[in-house]
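Below, each chain spelled out in residue letters.
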Amino acid sequence: GDMGRTLYLVESGRLGVLRSSALSRQAPQHVATLSAGEYAGEMALMGDGSRTATLRAEEDAVVLAVVERELMRMSAMLGDGYELIAATINESVAR
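Heads up: these notes are all about the structure in this document.

### A few points about the pattern of salt bridges
For the coordinates displayed, the defined rule picks out 2 salt bridges. As a salt-bridge pair, Arg14 and Glu58 come within 3.2 Å of each other at their nearest N and O atoms. Placement of the pair is Arg14 in strand β2 (residues 14-19) and Glu58 in the loop between β5 (54-57) and β6 (62-67), with a sequence separation of 44 residues. Here Arg14 falls in the partly exposed class, since its relative accessible area comes to 38%. Put simply, Arg14, Glu58 and Glu59 are held in one network by salt bridges that share partners.

### Things to note about the sheet that holds β2
By definition, the strands of a sheet pair up through backbone hydrogen bonds, in either a parallel or an antiparallel sense. Taken together, 3 strands build an open sheet; the order of strands is β3-β2-β5 and the sheet is antiparallel. Each edge of the open sheet carries a strand with a single partner, namely β3 (29-35) and β5. Averaged over all pairs of adjacent strands, the angle between strand axes in this sheet comes to 30°, irrespective of strand direction.

Each value, and the rule that gives it
Residues numbered from 1 in each chain as written. Predicted model: local features only at pLDDT ≥ 70, side-chain atom pairs only at ≥ 80, totals over all residues. Heavy atoms only, no water. Salt bridge = Lys/Arg side-chain N within 4 Å of Asp/Glu carboxyl O. Helix = DSSP H or I, 4+ residues; strand = E, 2+ residues; numbered from the N terminus. Buried < 20%, exposed > 50% of the residue type's maximum accessible area, 1.4 Å probe, protein only. Pairing = 2+ DSSP bridges. Axes fitted to C-alpha atoms, helices over the stretch in contact; angles between N-to-C directions.

Put into structure tokens, the structure is as follows:
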């Protein structure tokens, strides 16, 4: 997939998560719905940088986009707090 260097945090609304098979020409399939407090983009940030899904608003939504360089800056500011965030993201990726 395309390179992804942004973490998306859902503040309100609902986003559909769509995935397509690299071997299939079928339309992307809906695999999950994200709502307030959930996030996406972590797999690209913690993995090889490739996006694995597409997000599509299912209703009006407010989504915060945090680019990788800002995450690194937060890391320096938060210290151990950032480690907790990173551990949570890594746990999500492992599932």
